[in-house]
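As a plain string of letters, each chain reads:
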Amino acid sequence: DSGVTQTPKHLITATGQRVTLRCSPRSGDLSVYWYQQSLDQGLQFLIQYYNGEERAKGNILERFSAQQFPDLHSELNLSSLELGDSALYFCASSLRERGYEQYFGPGTRLTVT
Amino acid sequence: AQSVTQLGSHVSVSEGALVLLRCNYSSSVPPYLFWYVQYPNQGLQLLLKYTTGATLVKGINGFEAEFKKSETSFHLTKPSAHMSDAAEYFCAVSLYNQGGKLIFGQGTELSVKP
């Protein structure tokens, strides 16, 4: 158990819908990262927050957004969902902004039908 | 831009045999290097990391890796495979001047035959 929790574990929704994925980092960690894992793209970095502020952006679509709240949990919002958004979404956390030891949550499996 | 290449999407070994998973990186600055393992239906677990210092790093479950700057490699080894080592392994790179984001290789699925 990494100490990072993600909810829900599974999510099935229809095209065009909007969903919110939630992540609680390990106790004391200030950085949260979001990654997408799909068969065709592999593991890709989406976005990083540190202590409530956005720090780095990767291959994140404009339809996706994220935020980190004062209690340090983070949410990833996916809107206007397409079939291709079906993937495993991981959250990871680390103590520092440039934290090299990232601890991953169990992931949320999103299926868009 | 930095990138990570894992040679071999599938590797199969017999129980007790040497495990060798290959990873090469491309980076314009000294990288930080990682190996993660993913068991089915689970998240990623850090096996080991190289940041600075000794180039041979030891990790959990008997794995180790050696950073070879001249070869831009960070291959993962284990002297004797166990059935429980069957999983997917990911090599990743992070650059200090680009925050903490990890750039992953495509992964290598390790099978262990009895």
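The rules we used
- Residues numbered from 1 in each chain as written.
- Chains lettered and ligands numbered in written order.
- Predicted model: local features only at pLDDT ≥ 70, side-chain atom pairs only at ≥ 80, totals over all residues.
- Heavy atoms only, no water.
- Helix = DSSP H or I, 4+ residues; strand = E, 2+ residues; numbered from the N terminus.
- Contact = heavy atoms within 4.5 Å.
- Buried area = accessible area lost by both parts, 1.4 Å probe.
- Salt bridge = Lys/Arg side-chain N within 4 Å of Asp/Glu carboxyl O.
- Polar contact = N/O pair within 3.5 Å; in protein donor to acceptor, adjacent residues only side chain to side chain.
- Nonpolar A, V, L, I, M, F, W, Y, C, P; charged D, E, K, R; others polar.
- Pairing = 2+ DSSP bridges.
- Axes fitted to C-alpha atoms, helices over the stretch in contact; angles between N-to-C directions.

J.: Would you take a moment to explain unusual backbone geometry for this structure?
T.: Residue and element names in this part refer to chain A. Omega for the peptide link from Thr7 to Pro8 comes to -10°, which places this bond in the cis form. Mapped onto the secondary structure, Pro8 falls in the loop between β1 (5-7) and β2 (10-13). Positioned with a positive phi, Ser80 is a non-glycine residue whose angle comes to about 45°. Looking at where Ser80 falls in the secondary structure, it is placed in the loop between β8 (74-78) and β9 (87-94).

J.: Help me understand the interface of chain B and chain A in this model?
T.: A common way to express how large an interface is: the accessible area buried when the components associate. Contacts between the two partners involve 18 residues from chain B and, on the opposite side, 19 residues from chain A. Of the roughly 1,700 Å² buried between chain B and chain A on both sides combined, carbon and sulfur atoms contribute 58%. Linking chain B with chain A are one salt bridge, by the criterion used here. Ionic pairing is found between Lys49(B) and Glu101(A), a salt bridge with its closest N-O pair at 2.5 Å. Here chain B is connected to chain A by five residue pairs in polar contact (both at pLDDT 80 or more). Elements with a minimum of two residues in the side of chain B that touches chain A: β4 (32-38), β5 (44-50), β9 (87-94) and β10 (97-100) of chain B. Per-element accounting of the side of chain B that touches chain A gives the leading share, four residues, to β4(B). Residues of the side of chain B that touches chain A, tallied by class, amount to nine nonpolar, seven polar and two charged.

J.: How should I be thinking about the sheet that holds β1(A) in this particular structure?
T.: Two strands in a sheet stick together by hydrogen bonds in their backbones, pointing the same way (parallel) or opposite ways (antiparallel). Residue and element names in this part refer to chain A. The strand order across the open sheet formed by four strands is β1-β3-β8-β7, and the pairing between neighbours is antiparallel. Each of the sheet's edge strands pairs with one partner strand only, and the pair in question is β1 and β7 (64-68). Adjacent strand axes in the sheet meet at a mean angle of 15°, parallel and antiparallel pairs treated alike. The pairing of β1 with strand β3 (residues 19-24) spans three bridges and is classified as antiparallel.

Structural measurements only, silent on function.
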